[in-house]
Amino acid sequence: DPSTYLQERTSLGGDAVPIATLHVSAIPNRLDVNLEKFAALLGYALETSEIKPGAYLAVTLYWQARDNTQESYQSFVQLTPVGAESAAPIVISDAIPGSGLRPTPTWNWGETIPDQHLLQLPDNLPAGQYNLVAGLYDVKTGARLTTPSGDSTITVTQLTIK
């Protein structure tokens, strides 16, 4: 059973009673990278039949709120060439987290928010190695949240295009 039950003893010393049910789903690929004090990228799922030019990449990021905020952050996923990280991204997905339904001011501490992105690889994408990177940025200023090491993106995984 993937559910975890939280229980609390009654004030009268009675038996434990369930107070909440948490549904814990497995995150296929774990990362657990903090972005400042607000959030962490716990991991991701990559759904695709083939990674080739013209294909679609469905990426689900799993964010966890590590604090509450009133700031609006957008999530992004980008494909960049390995060894040319400063080059412009090849393809970008940029959105309000949770498929537009979970703006960051609605996140509750400890909550995990699935965040889906769909990327279409260009038809003329050359064969080679590419980084799939992600992050969060402030909608008002464009400033990205940074990792403890100061990076403004998290490398989610490396893909080989054949």
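Predicted model, so just to flag it, every value in this text is computed and none were measured. Residue positions are counted from 1 within each chain, in the order its sequence is given. Predicted model: local features are reported for residues with pLDDT of at least 70 only, side-chain atom pairs are reported and counted for 80 or more only, and whole-chain, interface and lining totals are derived from all residues. In computing side-chain values, all of the structure's heavy atoms are included and hydrogens and water are not.

**So, the overall build of the protein chain**
Put simply, the test is: The way it works is that DSSP assigns letters per residue, a run of H or I at least four long becomes a helix, a run of E at least two long becomes a strand, and they are numbered from the N terminus. Only protein chains enter the calculation, and the probe is 1.4 Å; a residue is then buried if its accessible area is under 20% of its type maximum, exposed if over 50%, and partly exposed in between. Two residues qualify as a contact provided that any one of their heavy atoms is within 4.5 Å of a heavy atom in the partner residue. Reported accessibility uses the Shrake-Rupley method at a 1.4 Å probe radius. Residues are deemed covered only where the shown protein chains occlude them.
Tallying secondary structure elements over the protein chain gives 0 helices and 10 strands in all. Tracing the protein chain from N to C terminus, the helices and strands come up as β-β-β-β-β-β-β-β-β-β. Residues counted as buried form 36% of the 162 residues belonging to the protein chain. A separation of at least 24 residues holds for 60% of the contacts in the protein chain among residues at least 6 apart in sequence. For the protein chain, the exposed area adds up to about 9200 Å²; of that, 51% sits on carbon and sulfur atoms.

**Quick word on the nonpolar core**
General note: in soluble globular proteins, nonpolar side chains tend to be found buried as a group. Defined as follows: Among the buried residues, those of types Ala, Val, Leu, Ile, Met, Phe, Trp, Tyr and Cys that are joined through side-chain atoms within 4.5 Å form a nonpolar core.
With 28 residues, the main nonpolar core has L61, L79 and L136 as its most contacted residues. Elements that contribute at least two residues to this core include exactly β4 (39-47), β5 (56-65), β6 (73-81), β8 (112-120), β9 (128-138) and β10 (154-161). Ranked by residue count, the leading element in this core is β5, at 5 residues. With near-sequence residues (within four places) excluded, L61 lies in contact with L41, G43, Y44, F76, V77, I113, P114, D115, H117, A134 and V156.

**Side note on the pattern of salt bridges**
Inclusion rule: A pairing counts as a salt bridge when a side-chain nitrogen of Lys or Arg comes within 4 Å of a carboxyl oxygen of Asp or Glu.
With the rule as written, the count across this model stands at 2 salt bridges. Where R66 meets D32, a salt bridge forms, and the shortest distance between an N and an O atom there is 2.9 Å. Remark: D32 occurs in strand β3 (residues 29-35) and R66 occurs in the loop between β5 and β6; sequence separation between them is 34 residues. When its relative accessible area of 29% is taken as the criterion, R66 is described as partly exposed.

**Some details on the environment of P28**
In this fold, P28 is placed in the loop between β2 (16-23) and β3. Relative accessible area serves as the criterion here: at 53%, P28 is assigned to the exposed category. Distance in space between the C-alpha atoms of P28 and A45 is 5.7 Å, their sequence separation being 17 residues.

**Things to note about the packing of aromatic side chains**
This is how it is decided: Paired rings are identified among Phe, Tyr and Trp, the last through its six-membered ring, by centres lying within 6.5 Å, and are further divided according to the angle between planes into stacked (under 30 degrees), edge-to-face (over 60) and tilted (the rest).
Tallied over the full model, the rule gives 3 aromatic pairs. Summarising the aromatic geometry, the rings of F38 and W107 are spaced 5.2 Å apart at their centres and angled 20 degrees between planes, so their arrangement reads as stacked. One end of the pair, F38, is in the loop between β3 and β4; the other, W107, is in the loop between β7 (91-95) and β8, with 69 residues separating them in the sequence. For F38, a relative accessible area of 7% puts it in the buried group. Residues F76 and Y137 carry aromatic rings whose centres are separated by 6.3 Å and whose planes lie at 45 degrees to one another, so their mutual orientation is tilted. Of the two residues, F76 sits in strand β6 while Y137 sits in strand β9, which places them 61 residues apart along the sequence. Relative accessible area serves as the criterion here: at 16%, Y137 is assigned to the buried category.

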